[in-house]
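Spelled out from the first residue to the last, the chains are:
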Amino acid sequence: MPEPITIATWPFGKTAVEAAMKVLARGEPALDAALAGAQAVEDDTSIRNSVGFGSLPDRLGRLTLDACVMDGRTLACGSVACVEHIRHPAALARRVMEKTPHVMLVGDGAKWFALQQGFPLEVPYTAESIKEWVDAHPDLKKKAEKAKKEPARADGASEINLQWGAPPAPGSEFNHDTVTVLSLDKKGHLGGVCTTSGLAYKLPGRVGDSPLIGAGLYVDDEAGAAGGTGVGEEIIRIGGSLFIAEQIRAGKSPQEACELACKRANAAAGRRGVHPARVAFLALDPKGNVGAACTEKADFKYAVGRGEKVELLQAKEIGP
Ligand code: SD4
């Protein structure tokens, strides 16, 4: 029987790992553990610029969340994207997996489903997150002040809506706002959860890699579990997490597979003149081997829990 283990992205992944390890110690399934870990981070509004309520919103100041879950034993998976006013998007993704024949619900549909499932609608903003949004948009603030003094536009469009400006350049507003949690339970099954508010100040409606099965997360007991963080567009482009799981299936170690995914992301980004891709990956196989890598300058740290011990490790940086 393997020793239970959990790994999670970024320094706040320690919070996730601690919560998940308690669940694994009771002999409960990997997916339950990974979800408990992810939810502990969603609930912690003191983790600045991070996952869940209190994290950084989109261009219009709306907080929209993305999450997904996957069970390595059955390949059952569920996902929600661009969902507002729901505190626990990862738990909602699990309901999509368990209560619907679908894999993914988005926007209002995801919110209606949440209501039907008894999730409360809540206001997700904190004083800090509102202030940070205003400070990050000095141009919009000035335009909004000016708009107040001008006659209403005939088409009813708000000055703010018209002034989104260019979308954030990939990587230019990169913030660490995604927790991916991968667990291996006492029975040798893998489970994974990913939850995020996405890139800060993203265009409204933008969806990254995090809720996409195969991009931000993939979990298969017969291969391995993998997750990504960083610029979602670059992770989607290479199908990052599925790529890693398939490399493990073909015989690579989780570490080798994560490094290959970083190389591939750098090569793909390089074809558009972008370097480095600014992504990071972590992986876990059914024997308990762990891997993690990031592209140059991503400074990716991840948490690993085995037994009582939880440590924060630095991922290897991969150049072109
Ligand atoms: C996204 N991959 O929405 C996410 C962002 C992220 O730490 O991982 N931030 O593109």
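Fair warning: this is a prediction, and the values are worked out from it, not measured in the lab.

Rules used in this analysis
Residues numbered from 1 in each chain as written. Predicted model: local features only at pLDDT ≥ 70, side-chain atom pairs only at ≥ 80, totals over all residues. Buried ≥ 20, exposed ≤ 12 C-beta atoms within 10 Å, placed from the backbone. Helix = DSSP H or I, 4+ residues; strand = E, 2+ residues; numbered from the N terminus. Near = placed C-beta within 6 Å. Nonpolar A, V, L, I, M, F, W, Y, C, P; charged D, E, K, R; others polar. UniProt positions renumbered as here; feature names shortened; annotations may be inferred. Contact = placed C-beta atoms within 7 Å. Core = buried A, V, L, I, M, F, W, Y, C linked by C-beta atoms within 7 Å. Expected span 1.5 Å × (residues − 1). Axes fitted to C-alpha atoms, helices over the stretch in contact; angles between N-to-C directions. Pairing = 2+ DSSP bridges.

Draft legend 1. Summary view of the pairing of strand β1 (residues 5-9). In terms of burial, β1 is largely enclosed, as five of its five residues are buried. The alternating pattern of β1 places I5, I7 and T9 and T6 and A8 on opposite faces, both of which are buried.

Draft legend 2. Summary view of the site of the ligand. Around the ligand, the surrounding shell holds 13 residues, and the nearest of these are T178, G198, G208, T229 and G232. Classifying every residue of the shell around the ligand by side-chain character gives two nonpolar, nine polar and two charged.

Draft legend 3. Spatial organisation of the UniProt feature "binding site: substrate" (unreviewed entry) in the protein. Under the UniProt annotation, the feature "binding site: substrate" (unreviewed entry) is placed at R206, V207, G208, D209, T229, G230, V231 and G232. With respect to the helices and strands, the residue D209 is situated in the loop between β6 (190-196) and β7 (217-219). You can call D209 buried: it has 31 C-beta atoms within 10 Å. Beyond its immediate stretch of four places on either side in the chain, D209 contacts A215, G216, G228, G232, I235, I236 and G240.

Draft legend 4. Structural view of the nonpolar core. Ranked by size, the top nonpolar core spans 93 residues in total, and within it A16, A20 and F281 carry the most contacts. When residues of this core are assigned to their parent elements, the largest contribution, nine residues, is made by helix α2 (residues 30-42). Beyond its immediate sequence surroundings of up to four residues, A16 is in contact with A8, G37, A38, A40, V41, V179, V181 and A303.

Draft legend 5. Seen up close, α2. In this model α2 runs 18 Å from its N-terminal to its C-terminal C-alpha over 13 residues, within 8% of the 18 Å that 1.5 Å per residue would give. Within α2, 12 of the 13 residues are buried, leaving the element largely enclosed by the surrounding structure. Within α2 the residues assigned to the buried category are A30, L31, A33, A34, L35, A36, G37, A38, Q39, A40, V41 and E42. In this structure, the buried residues of α2 make contact with β1, α1 (13-25), β2 (65-71), α3 (89-99), β5 (178-184) and β6.

Draft legend 6. Local environment of unusual backbone geometry. Along the chain, H275 connects to P276 via a cis peptide bond; the corresponding omega equals -10 degrees. On the secondary structure map, P276 appears in the loop between α10 (254-270) and β9 (279-284). The phi dihedral of H85 is positive, around 65 degrees, even though this residue is not glycine. Here the phi dihedral of Y201 falls at roughly 60 degrees; this positive angle occurs in a residue that is not glycine. Locating Y201 in the fold gives a position in the loop between β6 and β7.

Draft legend 7. Local environment of the packing of α2 against α3. At a minimum axis separation of 8 Å, α2 and α3 run at an interaxial angle of 145 degrees. Each of L35, A38, Q39 and E42 in α2 lies in contact with α3, whose residues at this interface are A90, A91 and R94. In terms of residue class, the contact of α2 with α3 is built from four nonpolar, one polar and two charged.

Draft legend 8. Seen up close, the UniProt feature "active site" (unreviewed entry) in the protein. Under the present numbering, the feature "active site" (unreviewed entry) in UniProt falls on T178. Relative to the elements of secondary structure, T178 occurs in strand β5. Overall, the presence of 30 C-beta atoms within 10 Å leaves T178 in the buried class.

Draft legend 9. Up close: the sheet that holds β2. Sheet architecture is open: eight strands sit in the order β4-β3-β2-β6-β5-β1-β11-β12, paired in mixed fashion. Strands at the two margins of the open sheet, each flanked by one partner only, are β4 (104-106) and β12 (309-314). Between one strand and the next, the sheet's axes are offset by a mean angle of 10 degrees, whatever the strand orientation. By the bridge criterion, five bridges tie β1 to strand β11 (residues 301-306) in an arrangement that is antiparallel.

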